[in-house]
Amino acid sequence: MKLVYFIPIVVLFFCFGCNSNSGTSVEVQFTDLKTNTSASLRGLHVVDENVVWASGSDGIVLLSKDGGETWKVNEVPGAEANDFRSIYAWDEKCAMVFGVAGPEFGYKTEDGGNSWEVVFRDTTQALFFNSLKFADAKNGLAVSDPIDGKFFVLRTEDGGESWERVTELPPVEDGEANFAASNTCIDYLPSGKAWIASGGKAARVFYSGDFGKSWEVAKTPMIRGIASSGIFSVSFKSEREGMIVGGIYDQPEINTNCAAYTFDGGKTWLPAVTMPKEYRSCVQQVSAEKSFAFAIGKTGCDFSTDNGINWQFLNETGFYTFRAVNGQLQGFAAGADGKISKVNFIAR
């Protein structure tokens, strides 16, 4: 491990857009942070304005305890060839990652990344974990691409110390899978409501009301049909209000049916009236004195103030993933080549 010092490389400031329904305008500012790693970062977890974790390729896990000014770079022993697309953190000491390669998939640290314990190991062929999400300190879900015609879903009730496979799942369609683009193809609320988004030949949302023990599935109007298309991210503002974003990863300029919304907990989905400008890999809620949804992808970002019905383009700054600081108009974004930026919003 090594300590990495903060250097403000560049500040990007872009003009705002105005949502015609609400009159709310949003300005966004990205400040690049120095991480001293070239790892591709798709896992990101913001505990608060000070404690931020990130994870990615080459078995790398990053930790900042001062809001991104300095970073500790951890290399998980024995996982140098793994890609940790998924991460969850409880505080500055305790965090968990899931990788895309096994047989050791899940690791947990309780000392700030100094040491790691394997908490999930499985020799099943073709496992590839796309996302990890906790509803609270104890209840978590992890999802892999399909095995034997169903998504390989794990659930924990003890903070990730032990995991069990969920069997009561609807079958997948031929060519249906999840995306590990931003660790957001799962959303999970403390009430026990949970959602898993899919893509590929199908673009559906699986939903559960009992902490992931049993599942149903709903069709969506999202673009689908090829391996790189579909839903990449799902986010719920409440038990009933949610949104999904995606598109075609390798044709990001196509924005046909790249976003949809629900007001009944994910049972039915409607296409956005105004779509994001292009493909987006992550959508999250930003909640403070003004609240809105923020979507980002490798070619830019957009915001919505009406639960995803209408999206307004912000700028062309691209990242893989984003997480907001709870209760503040601030967050962090991560992407390729070790890139992490602090994100500040001004909402009027």
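Residues numbered from 1 in each chain as written. Predicted model: local features only at pLDDT ≥ 70, side-chain atom pairs only at ≥ 80, totals over all residues. Heavy atoms only, no water.

1. Description of the overall build of the protein chain
Across its full length, the protein chain holds zero helices and 32 strands. Taken over C-alpha atoms, the radius of gyration comes to 18 Å for the protein chain, in line with the 20 Å a tight globule of 348 residues would show. Structurally, the protein chain occupies a C-alpha span of about 50 × 50 × 35 Å along its principal axes. The burial tally for the protein chain puts 60% of its 348 residues in the buried class. Taking the intrachain contacts of the protein chain between residues at least 6 apart in sequence as the baseline, contacts between residues at least 24 apart amount to 51%. Only carbon and sulfur atoms are counted for the fraction: they give 48% of the accessible area of the protein chain, which is about 13100 Å². On the protein chain, the mean spot of the 31 positive side-chain charges and the mean spot of the 42 negative ones are 3 Å from each other. (Helix = DSSP H or I, 4+ residues; strand = E, 2+ residues; numbered from the N terminus. Rg over C-alpha atoms; globule rule 2.2 N^0.38 Å. Buried < 20%, exposed > 50% of the residue type's maximum accessible area, 1.4 Å probe, protein only. Contact = heavy atoms within 4.5 Å. Areas by Shrake-Rupley, 256 points an atom, 1.4 Å probe, with all protein chains shown as cover. Lys, Arg positive; Asp, Glu negative; His and termini not counted. Charge placed at Lys NZ, Arg CZ, Asp CG, Glu CD.)

2. A look at the pairing of strand S5 (residues 52-56)
Extensive coverage of S5 is indicated by the burial of five of its five residues. In terms of strand pairing, strand S4 (residues 41-46) meets S5 through five bridges, oriented antiparallel. Paired with Leu-41 across the two strands is Gly-56, which belongs to S5. Hairpin connection, S4 to S5: the antiparallel pair is bridged by five residues. As judged from the four bridges shared by S5 and strand S6 (residues 60-64), these two strands associate in the antiparallel manner. (Pairing = 2+ DSSP bridges.)

3. A short note on the nonpolar core
Counting 19 residues, the largest nonpolar core has Phe-30, Val-286, Phe-292, Phe-294, Ile-296, Phe-322 and Phe-345 as its most contacted members. Secondary structure elements with two or more residues in this core: strand S3 (25-33), strand S26 (282-287), strand S27 (291-297), strand S28 (300-304), strand S30 (321-324) and strand S32 (340-347). Look past the residues within four positions of Phe-292 in its chain and what remains in contact with it is Val-26, Gln-284, Gln-285, Val-286, Phe-303, Ser-304, Thr-305, Leu-329, Phe-345 and Ala-347. One finds Met-96, Ala-142, Phe-152 and Leu-154 within the second-largest nonpolar core, a separate group that totals 17 residues. (Core = buried A, V, L, I, M, F, W, Y, C linked by side-chain atoms within 4.5 Å.)

4. Looking at the sheet that holds strand S21 (residues 216-219)
Backbone hydrogen bonds are what pair the strands of a sheet, in a parallel or an antiparallel way. Taken in spatial order, the four strands make up an open sheet running S17-S18-S20-S21, and their pairing is antiparallel. Of all strands in the sheet, those bounded by a partner on one side alone are strand S17 (186-188) and S21. Taken pair by pair, the neighbouring strands of this sheet meet at an average axis angle of 20°, ignoring direction. The sheet contact formed by S17 and strand S18 (residues 194-197) spans three bridges and is antiparallel. Bridge assignment links Ile-186 to a residue of S18, and that residue is Ile-196. (Axes fitted to C-alpha atoms, helices over the stretch in contact; angles between N-to-C directions.)

5. With respect to the packing of aromatic side chains
For the structure on display, the rule yields 26 aromatic pairs. Between Tyr-249 and Tyr-279, the aromatic rings sit 5.7 Å apart at their centres with planes inclined by 90°, giving edge-to-face as the arrangement. Highlighted residues: Tyr-249 in the loop between strand S23 (242-248) and strand S24 (259-262) and Tyr-279 in the loop between strand S25 (270-271) and S26, separated in sequence by 30 residues. Centroid distance Tyr-261 to Phe-263: 5.6 Å. Interplanar angle 70°. Geometry classified as edge-to-face. Residue class for Tyr-261 comes out buried when judged on its relative accessible area of 11%. Connected via pairs of aromatic rings, a cluster forms that spans Tyr-88, Trp-90, Phe-98, Phe-105, Phe-120, Phe-129, Phe-134, Phe-152 and Trp-163. Positioned over the ring face of Phe-313 is Lys-277, at 4.3 Å from the centre of the ring. Note that Lys-339 overlies the ring of Phe-319, its terminal NZ or CZ placed 4.6 Å from the centroid. (Phe/Tyr/Trp six-rings, centres within 6.5 Å; stacked < 30°, edge-to-face > 60°. Lys NZ or Arg CZ within 6 Å of the ring centre and 35° of its normal.)

6. Regarding the pattern of salt bridges
Throughout the structure, instances matching the rule amount to 11 salt bridges. We note a salt bridge from Glu-176 to Arg-204, for which the minimum N-O separation is 2.8 Å. With Glu-176 in strand S16 (residues 176-177) and Arg-204 in strand S20 (residues 204-208), this pair connects stretches of sequence that are 28 residues apart. Comparing Glu-176 with Arg-204 shows no difference in burial state: the two are buried. Close ionic contact of Lys-277 with Glu-316 constitutes a salt bridge, the shortest N to O distance being 3.9 Å. Here Lys-277, found in the loop between S25 and S26, pairs with Glu-316, found in the loop between strand S29 (312-315) and S30; they are 39 residues apart in sequence, far enough to count as distant. Judged by relative accessible area, which is 37%, Lys-277 ranks as partly exposed. Here the salt bridges share partners, and the residues they tie into one network are Arg-155, Glu-157 and Glu-164. (Salt bridge = Lys/Arg side-chain N within 4 Å of Asp/Glu carboxyl O.)

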